[in-house]
Amino acid sequence: MATLVEHVEIESLEKYLEETWKTPKTLYGALATVDHKKIGKRYLVTAFTFLLLGGLAAMAMRIQLARPESRLLSPEVYDQLFSMHGITMIFWYASPVLSGFSNYLVPLMLGSRDMAFPRLNAFTYWTFLLSGIFIYTSALGGVMPHGGWFAYVPLTGPQYSPRLNMDFYALALLFLTISTTAGAINFIVTIFKTRCPGMSISRMPLFMWSTLTTSFAMVFSLPALSAALLFLKFDRRMGTHFYDPVKGGTPMLWQHLFWTFGHPWVYIIILPATGMASMIIPTFCRRPIVGHVYVALATVSTGILGFGVWAHHMFATGMPALSTTFFSAASMGVSIPSGIQVLAWLATIWAARRHVLATPMLFMLGFICLFVIGGVSGVMTASVPFDWQATDTYFVVAHIHYVLLGINLFPVLAGFYYWLPKMTGRMLGERLGKWNFWVLFIGVNLTFFPMHFVGLRGMPRRVYTFPGGMGWDWLNLVESIGAGITGIGVLLFIINVLWSRKHGRLAGPNPWGASTLEWSMSSPPPEYNFAVIPSVRGRDPMWERHDTLLDNPGDDRHEMTNPALSVERDSVHREYRRADEADPSSADIQAWRVLDDGKETLESTMLDADPQAVLRMPEDSLWPLILSLAITALFIALLFKAPVWSLLTFALCLGCIAAWLWPTRATFPPERVA
Amino acid sequence: MSTSAFVHDGRGPLHAPLPVRLSRARAPGWWGTVLFCATEAMLFACFIASYFYLRGSVEAFGAEGGKYVPLTRPLIMTALLIASSVTAWWGEKGLEAGNGMRLRIGLALTFLLGAAFLVVQGIEYSSRSMDWTTSAYDSVFMAITGFHGAHVAGGLLMNAYVQIRAWLGHFNSERHEAVGNAVLYWHFVDGVWLFILASLYLSPRLF
């Protein structure tokens, strides 16, 4: 066996990898890129745009509700506004924004060069974007969905909703489901199979645990939504009777199917954000999180238990006491793992070596406050007799907004302040960040805290106006003022982001002195993420080399004995050894850590992350975009009930899939069988 | 699982040559197919749960939940699908032993048996003059069997695609990921049918 030692200069290696992995800055490059970092950033920008659209709808609603008996908006317009507010926020903002962070960060945190299925990744972005455009084009015909985000039948069935409003709803969501499911599958395989050597399952960051749990929850909950929507579509347009009590169906079937999806979905839109909290809070406490294993277990438990509580959305439907009691107990029980997570964060803050009150940490502290308030109102509604009074009132609106803003928006903003410097290379403004936090925190509490009271005083939700003299007037006015302040808070964030593009302080690789692998390379990262695939020996690889790191955030000079993490070392040794000289398919020893034969990354075993194989990664490709456009055409044909066009566009989709899957030189050069 | 991929020379797994993505361990694409089957399984679980929910909670469900549906055709359909899974398995095993012709024959037989399944299903629908606008039972029954039939058709398309690649010589005993994925999906579709048979056809006669 020949042994060669080759000196690989880091500089030439980096040059080669940069050339191999980069996406050209052309229109083709923009449309065909499969780079997870670009796709992640697109997700974030697009999801944030949907946040603003949903927010505008909310502003219109709050202006209408500032005074009793207001007639600014008609009931039909108001119905469309509150429906699109909920639908946009819950489907096109809350989950995709977390997907965006996951997309960007997962390969970087795992020590990999890209996701397991890069083209599928691009596909999930295009379908997310196109499905959002699809549902918003309903505005052109004045037929935006108007049945609320959970679309109860028979109101949304053929008799009471004969126009296209709810067809847009059903089809756009089925379209989005394709995106979300594909994304979930991608994350699961990436997290299980492409971790860097040494990153055993107990050493991977907590954000990975929450992304993994969320992805499994998506795989098992989205089909319930698909079933519900398919039955709705068939009842509306094909004359079936799934939900029709006269011919043997029941509206309860919709509720059961929808909430079997809907409850896990609300955990899906908060769990990755709690994972982000578990990454950010330890950094600013200058210590690893207290109870890492318990937090991981709590995350997974919440995901699993979340499948067993759906009927707490149905307490007032006349279900038997045996059912309601079970779901009530389960709903109280599911809050326990969340409590464990909160206690872990509080313990970390308590046991901190130093407290660093940077903007991301402020948003995380605000998140804990809002989470607790929202969680308390949630446990209250888990009690059936209380829920019979509070359901369909503003009390529930208060609860959902505390948990959504608290456990999604605030961690997302913390995440932006924390990770945008990694993405762009520039810090956001710290002073403006503090103003951002306080204005938003005050605005959110002013808007939603009074809703607890106005709900308990009997104000129903989803009313386009209300009579004066019910004891609701002043509270509604305060809420509307609060909404304005909240809007200013969001605006401050946008201003900060735009300002920092030119004027933000340069970030360097690790401005926060954080502990995980995404902080080991330059900001923004190179196209290929890691010149040499790292090996790790613990949960906090960036903190395991040098104790002084913990006391000096922002100190970029860390001496790493792990050559993969050191970009200052000028070379690595590469030792060639072939087990079988005649076998051209085996790669050699240390060269696997360099992986510089085209676009490659490492596949490792599921539990221990032992290196297993070299994965060839695909080149940039237009097929994800083309297939997404074909699917859009299919959904348009279905919307207008055009059978011939539906079949033709469906065949087109199949053709695109066939072309995409055909082996390419890069990933799988075809050989003839001997 | 794949320690055979490593050469043991006393220096441990970190110091062994790695295969460049040949089918020794399960490839990422296979795991992706497994997860896809998981999500589709959940879809059928929701469909079948809807059948039982409607049957158990609504008086006017229709056709007594399917108690009097004759079993001959469904049992023929079951036999066709099981046979098609056997031929698919046989073909894949043949390829793993290096016999490319056995793969092609196996896939072709699977295709014919799967197509026959769909033909018998069509006869089933037309001979019972099934119309899903009649009652909730008909809606649910045709939705479930119709979606399953659509999945069989999808499986046949995958089969055809893999057959084309097989005839072009893309596969050998070491490289055949696409075959494994397509055959796995076919077994999954087969398995779903067994649940449909048990729920829609057999269970009304039992309880």
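Residues numbered from 1 in each chain as written. Chains lettered and ligands numbered in written order. Predicted model: local features only at pLDDT ≥ 70, side-chain atom pairs only at ≥ 80, totals over all residues. Heavy atoms only, no water.

Draft legend 1. The arrangement of the overall build of chain A in detail. Regarding its fold elements, chain A presents 21 helices and five strands. Since a compact globule built from 674 residues should have a radius of gyration of about 26 Å, the 26 Å found for chain A is in line with a globular shape. For chain A, the spread of C-alpha atoms along the three principal axes comes to 85 × 65 × 50 Å. Sequence-distant contacts in chain A: of pairs separated by 6 or more residues, those separated by 24 or more amount to 79%. A total accessible area of about 25400 Å² is found for chain A, and carbon and sulfur atoms account for 68% of it. If you average the places of the 48 positive and of the 44 negative side-chain charges in chain A, the two averages end up 7 Å apart. (Helix = DSSP H or I, 4+ residues; strand = E, 2+ residues; numbered from the N terminus. Rg over C-alpha atoms; globule rule 2.2 N^0.38 Å. Contact = heavy atoms within 4.5 Å. Areas by Shrake-Rupley, 256 points an atom, 1.4 Å probe, with all protein chains shown as cover. Lys, Arg positive; Asp, Glu negative; His and termini not counted. Charge placed at Lys NZ, Arg CZ, Asp CG, Glu CD.)

Draft legend 2. Broad picture of the overall build of chain B. If you tally the helices and strands in chain B, you get five helices and one strand. Shown N-terminal to C-terminal, the secondary structure of chain B runs as helices and strands in the order β-α-α-α-α-α. Put simply, of all contacts in chain B between residues at least 6 apart along the chain, 75% involve residues at least 24 apart. As displayed, chain B offers around 8700 Å² of accessible surface, 68% of which is attributable to carbon and sulfur atoms.

Draft legend 3. Highlighting the packing of aromatic side chains. This structure, assessed with the given rule, holds 74 aromatic pairs over all chains. Ring geometry for B:Tyr137 against B:Phe141: centres 5.8 Å apart, planes inclined by 35 degrees, an arrangement best described as tilted. Taken as a pair, B:Tyr137 and B:Phe141 lie in helix H4 (residues 136–167) at a separation of four residues, close to a single helical turn. Take B:Phe141: its relative accessible area is 1%, and that puts it in the buried class. Directly above the ring of A:Phe150 sits A:Arg462, whose terminal nitrogen or CZ lies 4.4 Å from the centroid. Over the ring of B:Phe141 we find B:Arg128; its NZ or CZ atom is 5.0 Å from the centre of that ring. (Phe/Tyr/Trp six-rings, centres within 6.5 Å; stacked < 30°, edge-to-face > 60°. Buried < 20%, exposed > 50% of the residue type's maximum accessible area, 1.4 Å probe, protein only. Lys NZ or Arg CZ within 6 Å of the ring centre and 35° of its normal.)

Draft legend 4. Representation of the side chain of A:Thr194. All names here are of chain A. Within the secondary structure, Thr194 sits in the loop between helix H6 (165–193) and helix H7 (206–237). On the basis of relative accessible area, Thr194 is assigned to the buried category, the value being 2%. Polar side-chain contacts of Thr194 include one of 2.8 Å to the backbone oxygen of Thr190. Excluding residues that lie within four positions of it along the chain, Thr194 makes contacts with Leu110, Ser112, Ala116, Val189, Leu602, Ser604 and Leu615. (Polar contact = N/O pair within 3.5 Å; in protein donor to acceptor, adjacent residues only side chain to side chain.)

Draft legend 5. How the structure looks around empty space enclosed by the protein. Throughout the structure, instances matching the rule amount to six cavities of 30 Å³ or more. Its boundaries defined by the atoms lining it, the largest cavity holds a volume of some 230 Å³. Forming the boundary of the largest cavity are 26 residues, of which A:Ser95, A:Ser99, A:Thr180, A:Phe187 and A:Met218 lie nearest the centre. Of all elements in the fold, only helix H4 (75–110), helix H5 (118–136), H6, H7 and helix H8 (251–268) of chain A reach the threshold of two or more residues within the lining of the largest cavity. Tallied by class, residues from the lining of the largest cavity come to 13 nonpolar, 13 polar and no charged. Space inside the second largest cavity adds up to approximately 60 Å³. Taken together, B:Ala88, B:Leu107, B:Thr110, B:Gly155, B:Met158, B:Asn159, B:Ala182, B:Val183 and B:Trp186 make up the full set of residues lining the second largest cavity. (1 Å grid on protein atoms, 1.4 Å probe; cavity = no way out; pocket = protein on both sides within 12 Å on 5 of 7 lines; lining within 4 Å. Points joined across faces, edges and corners; volume = space filled by probe spheres on them. Nonpolar A, V, L, I, M, F, W, Y, C, P; charged D, E, K, R; others polar.)

Draft legend 6. Expanded view of the environment of A:Ser112. Residues and elements named next belong to chain A. Here Ser112 lies in the loop between H4 and H5. Spatially, the C-alpha atoms of Ser112 and Glu603 are 9.0 Å apart, while their sequence positions differ by 491 residues. Every residue in contact with Ser112, bar those within four places of it in the chain, is listed here: Pro107, Thr194, Asn529, Phe530 and Thr601. Among the polar contacts made by the side chain of Ser112, one reaches the side chain of Thr601 at a distance of 3.2 Å.

Draft legend 7. The arrangement of the pairing of strand S5 (residues 611–616) of chain A in detail. Residue and element names in this part refer to chain A. Most of S5 sits inside the fold, with five of its six residues counted as buried. Across five bridges, strand S4 (residues 600–604) lies against S5 in antiparallel orientation. Along S5, the bridge assignment pairs Glu600 with Arg616. Between S4 and the antiparallel strand that follows it, S5, lie six residues; Ala609 among them carries a positive phi value of about 55 degrees. (Pairing = 2+ DSSP bridges.)

Draft legend 8. How the structure looks around a nonpolar patch on the surface. Residue and element names in this part refer to chain B. Residues Trp89, Trp90, Met101, Ile105, Leu109, Phe111, Leu112 and Trp167 make up a contiguous nonpolar surface patch of roughly 810 Å² in combined accessible area. Secondary-structure elements contributing two or more residues to the nonpolar patch are helix H2 (72–96) and helix H3 (100–127). Per-element accounting of the nonpolar patch gives the leading share, five residues, to H3. Its place among the elements puts Trp167 in helix H4. (Patch = residues over 30% accessible without salt bridge, like charges linked within 9 Å, V, L, I, M, F, W, Y side chains within 5 Å. Salt bridge = Lys/Arg side-chain N within 4 Å of Asp/Glu carboxyl O.)

Draft legend 9. Region of interest: the confidence of the model for chain B. Residues and elements named next belong to chain B. Chain-level pLDDT for chain B is 88 on average; 88% of the residues reach the 70-or-more range. Note that pLDDT drops below 50 for residues 1–15; the model gives that stretch 28 contacts with residues more than four away or on any other chain. Our summary of model confidence lists the complex with pTM equal to 0.93 and ipTM equal to 0.91. (pLDDT = per-residue confidence, 0-100.)

Draft legend 10. Geometry of the state of the cysteines. In the structure shown here, the tally under the stated rule is zero disulfides over all chains. Here A:Cys369 stays free of any disulfide, with the sulfur of A:Cys285 as its closest cysteine sulfur at 14 Å. (Disulfide = S-S within 2.5 Å.)

Draft legend 11. Representation of helix H21 (residues 643–661) of chain A within the structure. Residue and element names in this part refer to chain A. Relative to the 27 Å expected for 19 residues at 1.5 Å per residue, H21 spans 27 Å between its end C-alpha atoms, a close match to the ideal helical length. Residues of H21 that are buried: Ser646, Thr649, Cys653, Cys656 and Trp660. Around the axis of H21, the buried residues are gathered within 85 degrees of arc, so they sit on the same side. Among the exposed residues of H21, those oriented more than 90 degrees off its buried face are Pro643, Val644 and Leu647. Next to the buried residues of H21 lie H5 and helix H20 (623–639). (Expected span 1.5 Å × (residues − 1). Arc of directions from axis to C-beta.)

Draft legend 12. Layout of the packing of helix H13 (residues 359–381) of chain A against helix H15 (residues 394–424) of chain A. All names here are of chain A. Taken N-terminus to C-terminus, the directions of H13 and H15 make an angle of 160 degrees; their axes are 8 Å apart at the nearest point. In terms of axis orientation, H13 runs roughly antiparallel to H15. Our pair here, H13 against H15, has a crossing hand that is left-handed. (Axes fitted to C-alpha atoms, helices over the stretch in contact; angles between N-to-C directions. Parallel < 35°, antiparallel > 145°, perpendicular 65-115°, else oblique. Left-handed = near helix turned anticlockwise from the far one by under 90°.)

Draft legend 13. Fine view of helix H3 (residues 36–64) of chain A. Over its 29 residues, H3(A) extends 42 Å from the first C-alpha to the last, a length consistent with the 42 Å expected when each residue adds 1.5 Å. N-capping of H3(A) is provided by A:Asp35, with a side-chain oxygen placed 3.0 Å from the backbone N of A:Lys37.

Draft legend 14. Local environment of the pattern of salt bridges. What the rule picks out here adds up to 15 salt bridges over all chains. A salt bridge links A:Glu527 to A:Lys38; its shortest N-O distance comes to 3.3 Å. Here A:Lys38 lies in helix H3 and A:Glu527 lies in the loop between helix H17 (473–503) and helix H18 (548–551), a separation of 489 residues in the sequence. On the basis of relative accessible area, A:Lys38 is assigned to the partly exposed category, the value being 23%. The partner of B:Glu124 in a salt bridge is B:Arg73, with the nearest N and O atoms 2.9 Å apart. Note that B:Glu124 is positioned in helix H3 and B:Arg73 in helix H2, a separation of 51 residues in sequence.

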